[in-house]
Amino acid sequence: MGGGRIVAKMEPLSVSMGNPIAYDAYPKGVYEEKKEKHRIGIGLSLKFAEIIEPKAEYVREIEFTRLEPVITTAGLGKSEPTWDFRDRAAFNLKYVNALYIIMKTPIKSEGIKINYFSYAQIHTKWGGIIPATARTLRGEETYEIRF
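In this text the structure is predicted, and so the values were computed from the model without any measurement.

1. Concerning the packing of aromatic side chains
Counted under the stated rule, the structure contains two aromatic pairs. Aromatic side chains Y26 and Y100 sit 5.9 Å apart centroid to centroid with 45° between the ring planes, which places their arrangement in the tilted category. Pair noted here: Y26 is in strand β2 (residues 21-26) and Y100 is in strand β7 (residues 100-104), with a separation of 74 residues, a long-range link. For Y26, a relative accessible area of 42% translates into the label partly exposed. Ring centres 6.0 Å apart and planes at 70° place the aromatic pair Y116 and Y143 in the edge-to-face group. Highlighted residues: Y116 in strand β8 (residues 111-123) and Y143 in strand β10 (residues 141-146), separated in sequence by 27 residues. On the basis of relative accessible area, Y116 is assigned to the partly exposed category, the value being 30%. Classification of Y143 by relative accessible area gives partly exposed; the value is 41%.

Okay, here's the thing in structure tokens:
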């Protein structure tokens, strides 16, 4: 198990302008269905409990589906939208090969500057955690978009 995070920091090219904000993002929330089974029982004392040992008079197994987040997004309405990836989500998801931001900027804005940062935690089979960041030879990914 491990996870990753990508952060987009948006700033105006003009010093006097306000920061652009993330109006929306894609993917915003991707969830995975996990099926689970639990055995419940009613004992002689008429208390409900999850079954560990078969000491109940009535036992029933229930199956339900739980949604676990695979990709979550934060920072909408702010200048730093963030995507969090659980486990190997970035590698296992079909048709998700790009991240999109719909942003809102002041009307007279000349453009924006975007810096991307990425972080990851890699869990080893020996129980250790290795923190990692992606860096280019220049140090970080910076893009300028002029309107």
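Here the narrative resumes.
2. Points about the nonpolar core
Of all hydrophobic cores here, the largest spans 12 residues; its members are A8, M10, A22, A25, V30, V70, I71, W83, F85, I101, I112 and I114. Of all elements in the fold, only β1 (2-12), β2, β5 (58-74), β6 (82-86) and β8 reach the threshold of two or more residues within this core.

3. Quick notes on the environment of K113
Along the polypeptide, K113 turns up in strand β8. Here K113 falls in the partly exposed class, since its relative accessible area comes to 27%. Each C-alpha atom of the pair K113 and Y143 lies 5.7 Å from the other, and the pair is 30 residues apart in sequence. Beyond its immediate sequence surroundings of up to four residues, K113 is in contact with K9, M10, E11, L13, T142, Y143 and E144.

4. Brief notes about the pairing of β8
Strand direction decides the pairing type here: β8 and β10, joined by six bridges, are antiparallel. Counterpart to N115 in the pairing with β10 is T142. Bridge analysis of β8 against strand β9 (residues 129-133) gives five bridges, and the strand direction is antiparallel. Within β9, the position partnered with Y119 by the bridge is T133. Between β8 and β9, which pair antiparallel in sequence order, lie five residues; one of them, G127, sits at a positive phi of approximately 95°.

5. With respect to the side chain of S14
Among the structural elements, S14 can be located in the loop between β1 and β2. In this structure the side chain of S14 is engaged in a polar contact, spanning 3.5 Å, whose partner is the side chain of E110.

The rules behind the values
- Residues numbered from 1 in each chain as written.
- Predicted model: local features only at pLDDT ≥ 70, side-chain atom pairs only at ≥ 80, totals over all residues.
- Heavy atoms only, no water.
- Phe/Tyr/Trp six-rings, centres within 6.5 Å; stacked < 30°, edge-to-face > 60°.
- Helix = DSSP H or I, 4+ residues; strand = E, 2+ residues; numbered from the N terminus.
- Buried < 20%, exposed > 50% of the residue type's maximum accessible area, 1.4 Å probe, protein only.
- Core = buried A, V, L, I, M, F, W, Y, C linked by side-chain atoms within 4.5 Å.
- Contact = heavy atoms within 4.5 Å.
- Pairing = 2+ DSSP bridges.
- Polar contact = N/O pair within 3.5 Å; in protein donor to acceptor, adjacent residues only side chain to side chain.

Interpretation note: all reported values are geometric properties and have no functional meaning in isolation.
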